[in-house]
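# Residue-level structural notes
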Amino acid sequence: MNVDNLMKNSKYILLTGGTGFIGRCLSQHLIDQGYHVTVLTRSGAKLSSGTEHLAYIAALADLQPRHWYGVINLAGEPLNKTRWSTAQKAQIISSRVAVTQRLNEWLRTLSTPPEVYISGSAVGWYGHWDDECLDEDSPSRAGFSNTLCAAWEAAAMAQADLASRLCIIRLGIVLGNAGGSLPAMLLPAKLGLGGPMGAGQQWWSWIHMEDVVRSINLLLENPQATGVFNLTAPNPVTQIEFARALGRQLHRPALLPLPGFMAKLMLGEFAEEVLLKGQRVKPKHLLDSGFTFNYPELPGALRQLL
Ligand SMILES: NC(=O)c1ccc[n+]([C@@H]2O[C@H](COP(=O)([O-])OP(=O)(O)OC[C@H]3O[C@@H](n4cnc5c(N)ncnc54)[C@H](OP(=O)(O)O)[C@@H]3O)[C@@H](O)[C@H]2O)c1
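Everything in this summary refers to the structure shown in the same document. This is a predicted model, so every value here is computed, not measured.

## Focus on the site of the ligand
Every one of the 23 residues lining the ligand counts as a neighbour, but T19, I22, T41, R42 and R96 are closest to it. The backbone of F21 places a nitrogen or oxygen atom 2.9 Å from an oxygen atom of the ligand. With respect to the ligand, the backbone of I22 contributes an N or O atom lying 2.8 Å from an oxygen atom. With the chains in place, 81% of the 880 Å² that the ligand exposes on its own is no longer accessible. Taken together, the elements giving at least two residues each to the shell around the ligand come down to helix 2 (21–32), helix 3 (86–108), strand 5 (116–122) and strand 8 (173–175). The element that contributes the greatest number of residues to the shell around the ligand is helix 3, accounting for four residues. Its residues assigned to classes, the shell around the ligand shows eleven nonpolar, nine polar and three charged.

Here it is in structure tokens:
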């Protein structure tokens, strides 16, 4: 551990969603950087499995009184857990808003506010667009993804003064091996079945997991970083470009189309919101902050992952 990391040794981070796909990679990255990470979890089995740098707690009331350098909020009901009934859509929203409100209540009890509060959101905030390039200054369009992300962001922003800096991270499709969308796409792609979904012209704004954790690290440590940040690679692609790049990496053709009506039949409204429509998002604020992507282009990201 170098001197920089030794200094971070005294820095404590509270993380919600730390047992999930992103949270697991993020906590490992932060621990490697010398931070102490405490994860809020509903999983009783995790509570006794901590280490010197990684602790699990069941409730915010269990937190030790100390200075918390940063709070990172990623928890929420998975979008693809089950078909989207009205009740399930309400649960997807309320799970995120409820955790955020509990965090806010706890933050209000602290005598010293954290340096930084990083709260999750997604590029779904922008709604559905065609080929327009969107950045953090672009407007949103109505739809379920926008309703969800707007409610989640508003819950965090309602208490923006509870930390010295508030950063909202609008995540794109996170590519990693241990969860998320990529493993689910691999089997059809390996069978040569990964072709255009619907029109195939919808934009997918993706990001490699390594760049997700590195960019969150930058937001933690850059005292100028505040506001909304798109966490997406600078080169989003259309869905058919994505399918072709994946096919090339696997040496399989990306020919067989999945008609939109079939996707909706199989996956319901989730298909419409997340797969068949999209948005072309650029990470303007991250680039302006000096962040350099390890994986700016999709072929390089897929090559590293596969
Ligand atoms: N992965 C992506 O491509 C992507 C893209 C855009 C946005 N996001 C958002 O970023 C966040 C993290 O993503 P992820 O892929 O790491 O998600 P994930 O693997 O599904 O993990 C989410 C975490 O949230 C907690 N959780 C699940 N259901 C919950 C509920 N009903 N109430 C409270 N907490 C609940 C779980 O922690 P415990 O079981 O330990 O409590 C879980 O570890 C999510 O909110 C997701 O919507 C992800």
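Now that the structure has been shown, we can carry on.
## Some thoughts on the sheet that holds strand 11 (residues 227–231)
With parallel pairing, seven strands are arranged side by side in an open sheet as 3-2-1-4-5-7-11. The open sheet has two edge strands with one neighbour each: strand 3 (54–57) and strand 11. Neighbour to neighbour, the strand axes of the sheet diverge by 20 degrees on average, direction disregarded. Bridge count for strand 1 (residues 12–16) against strand 2 (residues 36–40) is five bridges, and the pairing is parallel. Paired with Y12 across the strands is H36, a residue of strand 2. Against the sheet, helix 2 contacts strand 1, strand 2, strand 3, strand 4 (70–73) and strand 7 (165–171), and its axis sits at roughly 175 degrees relative to strand 1. Each of strand 1, strand 4, strand 5, strand 7 and strand 11 touches helix 6 (residues 209–221); the most contacted strand, strand 7, lies at about 165 degrees to it.

Definitions and limits used
Residues numbered from 1 in each chain as written. Predicted model: local features only at pLDDT ≥ 70, side-chain atom pairs only at ≥ 80, totals over all residues. Heavy atoms only, no water. Near = heavy atom within 4 Å. Polar contact = N/O pair within 3.5 Å; in protein donor to acceptor, adjacent residues only side chain to side chain. Areas by Shrake-Rupley, 256 points an atom, 1.4 Å probe, with all protein chains shown as cover. Helix = DSSP H or I, 4+ residues; strand = E, 2+ residues; numbered from the N terminus. Nonpolar A, V, L, I, M, F, W, Y, C, P; charged D, E, K, R; others polar. Pairing = 2+ DSSP bridges. Axes fitted to C-alpha atoms, helices over the stretch in contact; angles between N-to-C directions. Contact = heavy atoms within 4.5 Å.

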